[in-house]
2 protein chains.
Amino acid sequence: MLYPTPIAKLIDSFSKLPGIGIKTATRLAFYTIGMSDEDVNEFAKNLLSAKRDLTYCSICGNLTDDDPCSICQDETRDSSVILVVEESKDVSAMEKIQEYRGKYHVLHGLISPMNGVSPDDINLKTLITRLMDGEVTEVIIATSATADGEATSMYISRVLKPAGIKVTRLARGLAVGSDIEYADEVTLLRAIENRTEL
Amino acid sequence: MLYPTPIAKLIDSFSKLPGIGIKTATRLAFYTIGMSDEDVNEFAKNLLSAKRDLTYCSICGNLTDDDPCSICQDETRDSSVILVVEESKDVSAMEKIQEYRGKYHVLHGLISPMNGVSPDDINLKTLITRLMDGEVTEVIIATSATADGEATSMYISRVLKPAGIKVTRLARGLAVGSDIEYADEVTLLRAIENRTEL
């Protein structure tokens with residue numbers, strides 16, 4: 001026995017987190033023991049509460065502590081546009097820029113034939129249900145610019161276009177602040193294709 | 001509000017840990033939500049238990065769930081040697097090599113005149129008390145090879161030597177597997193000074 005049981009167990013819990021190996025887990029566990037009682041109690045409470053009180057919005061699939069989520073409930077937002085993202089984190093990233101005022105739809109995954117993830121495995125059916133009443137005029141696809149993201153984007157676009165809904169996706173091009181010298185070929189190609197007039 | 005309150009609070013708790021910024025904290029919090037109920041409950045329980053059930057051994061100062069600690073209670077260990085370390089983690093590091101069979105003493109800090117840490121601020125008095133009965137014949141100082149570690153080591157040695165106790169410290173030299181080319185000058189100097197006959 002190298003560590004007393006309580007600390008060995010805590011190290012074990014920390015090391016289950018992604019990107020945290022046994023050395024970091026040990027450091028975190030010892031640090032935790034040195035924290036105030038209040039902070040540790042708060043930490044434990046927050047862990048349980050995050051797991052217990054959070055649910056997925058029945059409309060858009062976003063993580064929320066209130067169903068429907070605050071964005072779906074917000075009547076000042078534009079209900080004619082839906083922005084489709086992979087994860088709840090992406091909703092937060094979008095909200096941070098305080099520019100988009102429409103609604104969201106969270107897929108909880110991407111279609112990935114390589115990994116056996118089919119369109120039925122992600123939160124796609126409810127998106128189609130939401131488009132039924134004809135209120136939505138545009139669907140913006142904001143999946144990552146990866147192979148799976150592109151596949152998902154193509155699939156959604158093919159399903160929705162026949163219904164007469166405008167389907168757009170985020171622009172591809174040079175990331176702001178990036179150097180042409182280090183841009184990859186596909187990014188440069190997209191940047192030339194999608195060039196804009198000044 | 002970017003995140004629902006429960007997740008914002010959990011992100012806050014994670015970001016209080018050392019080396020974990022807001023981005024990593026967010027990643028960990030979202031990962032936690034995806035973990036099984038069982039794992040999260042276990043994590044919360046382990047946090048509380050580590051804080052509640054651990055105490056410091058009244059003899060050696062090591063972290064333990066049982067006072068005195070299992071090492072101090074172990075009568076098969078050599079009570080005539082005490083190895084002095086800075087933190088409980090160092091005891092575990094030593095135990096891992098399964099070579100040392102004496103007792104330990106944990107200082108919970110190092111003397112650091114620069115940071116205003118005096119000998120009275122660390123767990124040093126109890127070490128001197130432990131030496132009173134004359135059973136201990138050697139004190140091995142295993143503080144880090146840093147300025148504070150050296151200062152602490154010098155201080156302890158000056159206090160104990162007049163009492164006729166043999167005071168030693170860990171050897172300084174090349175770390176096994178290290179390259180002479182990249183060794184710093186002080187390490188090389190110590191390695192030459194402390195060279196051993198083959």
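Small disclaimer: the values here were computed from a predicted structure and weren't measured. (Residues numbered from 1 in each chain as written. Chains lettered and ligands numbered in written order. Predicted model: local features only at pLDDT ≥ 70, side-chain atom pairs only at ≥ 80, totals over all residues. Heavy atoms only, no water.)

1. Quick look at the overall build of chain A
Of the regular secondary structure elements, chain A holds eight helices and six strands. Its helices and strands in sequence order give chain A the pattern α-α-α-β-β-α-β-α-β-α-β-α-β-α, from N to C terminus. Relative to a compact globule of 198 residues, whose C-alpha radius of gyration would be 16 Å, chain A shows 22 Å and is clearly more extended. Summarising its shape, the C-alpha atoms of chain A cover approximately 65 × 45 × 35 Å along the three principal directions. (Helix = DSSP H or I, 4+ residues; strand = E, 2+ residues; numbered from the N terminus. Rg over C-alpha atoms; globule rule 2.2 N^0.38 Å.)

2. Thoughts on the sheet that holds strand β6 (residues 166-169) of chain A
All names here are of chain A. The four strands lie next to each other as β4-β3-β5-β6, forming an open sheet whose pairing is parallel. The strands lining the two open edges of the sheet, one partner per strand, are β4 (102-106) and β6. Direction aside, neighbouring strands of the sheet carry axes that sit 25 degrees apart on average. Summarising the sheet, strand β3 (residues 78-85) and β4 pair through five bridges and their orientation is parallel. Across the sheet, the residue bridging to Val85 is Val106, located in β4. The strands that helix α5 (residues 88-96) touches are β3 and β4; relative to β4, the one it contacts most, it runs at about 155 degrees. (Pairing = 2+ DSSP bridges. Axes fitted to C-alpha atoms, helices over the stretch in contact; angles between N-to-C directions. Contact = heavy atoms within 4.5 Å.)

3. Overview of the packing of helix α3 (residues 37-53) of chain A against helix α3 (residues 37-53) of chain B
Interaxial distance between α3(A) and α3(B) falls to 9 Å at its minimum, and their mutual angle equals 170 degrees. Between α3(A) and α3(B), the angle falls in the class roughly antiparallel. Taking contact as the criterion, the partners of A:Asp37, A:Val40, A:Asn41, A:Phe43, A:Ala44, A:Leu47, A:Leu48 and A:Lys51 in α3(A) are, on α3(B), B:Asp37, B:Val40, B:Asn41, B:Phe43, B:Ala44, B:Leu47, B:Leu48 and B:Lys51. Grouping the amino acids of the contact of α3(A) with α3(B) by side-chain chemistry returns 10 nonpolar, two polar and four charged. (Parallel < 35°, antiparallel > 145°, perpendicular 65-115°, else oblique. Nonpolar A, V, L, I, M, F, W, Y, C, P; charged D, E, K, R; others polar.)

4. A word on the relation of the copies chain A and chain B
Note: a rotation about an axis with an accompanying shift along it relates these two copies of the chain. Relative to chain B, chain A is turned by 180 degrees and slid 0.0 Å along the rotation axis, the superposed coordinates differing by an RMSD of 0.1 Å. On the angle and the small slide along the axis, the relation comes out as a two-fold axis. For chain A, the minimum C-alpha distance to the rotation axis belongs to A:Ala44 and amounts to 2.2 Å. (Least-squares fit on C-alpha atoms with pLDDT ≥ 70 in both.)

5. Looking at the UniProt feature "domain: Toprim" (unreviewed entry) in chain A
Look at the UniProt record and you will see "domain: Toprim" (unreviewed entry) annotated at residues 80-175 of chain A. As annotated, residues 80-175 of chain A has a helix share of 31% and a strand share of 20%, and its two end C-alpha atoms lie 28 Å apart. (UniProt positions renumbered as here; feature names shortened; annotations may be inferred.)

6. Description of the sheet that holds strand β5 (residues 138-141) of chain B
Residues and elements named next belong to chain B. Across the sheet, four strands lie side by side as β4-β3-β5-β6; this open sheet has parallel pairing. Looking along the sheet, the strands with just one partner apiece sit at the ends: β4 (102-106) and β6 (166-169). The average undirected angle you get between the axes of adjacent strands in this sheet is 25 degrees. Packed onto the sheet, helix α5 (residues 88-96) meets β3 (78-85) and β4 and runs at close to 155 degrees relative to β4.

7. Focus: the interface of chain A and chain B
Contacts between chain A and chain B engage 48 residues on the former and 48 residues on the latter. Between the two partners, chain A and chain B, sit two salt bridges. Its salt-bridge partner being A:Asp39, residue B:Lys16 comes within 3.6 Å of it at the nearest N-O pair. Taken together, chain A and chain B are joined by eight residue pairs in polar contact (both at pLDDT 80 or more). Secondary-structure elements contributing two or more residues to the side of chain A that touches chain B are α1 (5-15), α2 (22-34), α3, β2 (63-64) and α5 of chain A. At 14 residues, α3(A) tops the list of elements feeding residues into the side of chain A that touches chain B. Split by residue class, the side of chain A that touches chain B holds 24 nonpolar, 12 polar and 12 charged. (Salt bridge = Lys/Arg side-chain N within 4 Å of Asp/Glu carboxyl O. Polar contact = N/O pair within 3.5 Å; in protein donor to acceptor, adjacent residues only side chain to side chain.)

8. Some words on the UniProt feature "zinc finger region: C4-type" (unreviewed entry) in chain A
Sites flagged by UniProt as "zinc finger region: C4-type" (unreviewed entry) map to residues 57-72 of chain A. Secondary structure across residues 57-72 of chain A divides into 19% helix and 12% strand, with the first and last C-alpha atoms of the span separated by 8 Å.

9. Here's the deal with a nonpolar patch on the surface
Residue and element names in this part refer to chain A. Taken together, Ile128, Met132, Tyr155 and Val159 make up a surface patch of nonpolar side chains, about 360 Å² in accessible area. By the secondary structure assignment, Ile128 is in helix α6 (residues 125-131). The class of Ile128 is partly exposed, set by a relative accessible area of 32%. (Patch = residues over 30% accessible without salt bridge, like charges linked within 9 Å, V, L, I, M, F, W, Y side chains within 5 Å. Areas by Shrake-Rupley, 256 points an atom, 1.4 Å probe, with all protein chains shown as cover. Buried < 20%, exposed > 50% of the residue type's maximum accessible area, 1.4 Å probe, protein only.)

10. A short note on the environment of A:Cys60
Residues and elements named next belong to chain A. Note on placement: Cys60 falls in the loop between β1 (55-56) and β2. The exposure class assigned to Cys60 is buried, which follows from its relative accessible area of 1%. Sequence separation of Cys60 and His105 is 45 residues, and the distance between their C-alpha atoms is 4.5 Å.

11. Focus on the packing of α1(A) against α3(B)
Angle between the axes and distance between the axes: these two values describe a pair of packed helices. The N-to-C vectors of α1(A) and α3(B) enclose an angle of 145 degrees; their axes lie 8 Å apart at closest approach. Crossing hand, α1(A) versus α3(B): left-handed. Every residue of α3(B) that contacts α1(A) at A:Pro6, A:Lys9, A:Leu10, A:Ser13 and A:Phe14 is listed here: B:Glu42, B:Phe43, B:Asn46, B:Leu47, B:Ser49, B:Ala50 and B:Asp53. Taken together, the residues that form the contact of α1(A) with α3(B) break down as six nonpolar, three polar and three charged. (Left-handed = near helix turned anticlockwise from the far one by under 90°.)

12. Things to note about unusual backbone geometry
Of note, the bond from A:Asp67 into A:Pro68 is cis; its omega dihedral lies within 30 degrees of zero at -5 degrees. For A:Pro68, the location among the structural elements is in the loop between β2 and α4 (70-73). The phi angle at B:Gln98 is positive, at roughly 50 degrees, despite the residue not being glycine. Within the secondary structure, B:Gln98 is located in the loop between α5 and β4.

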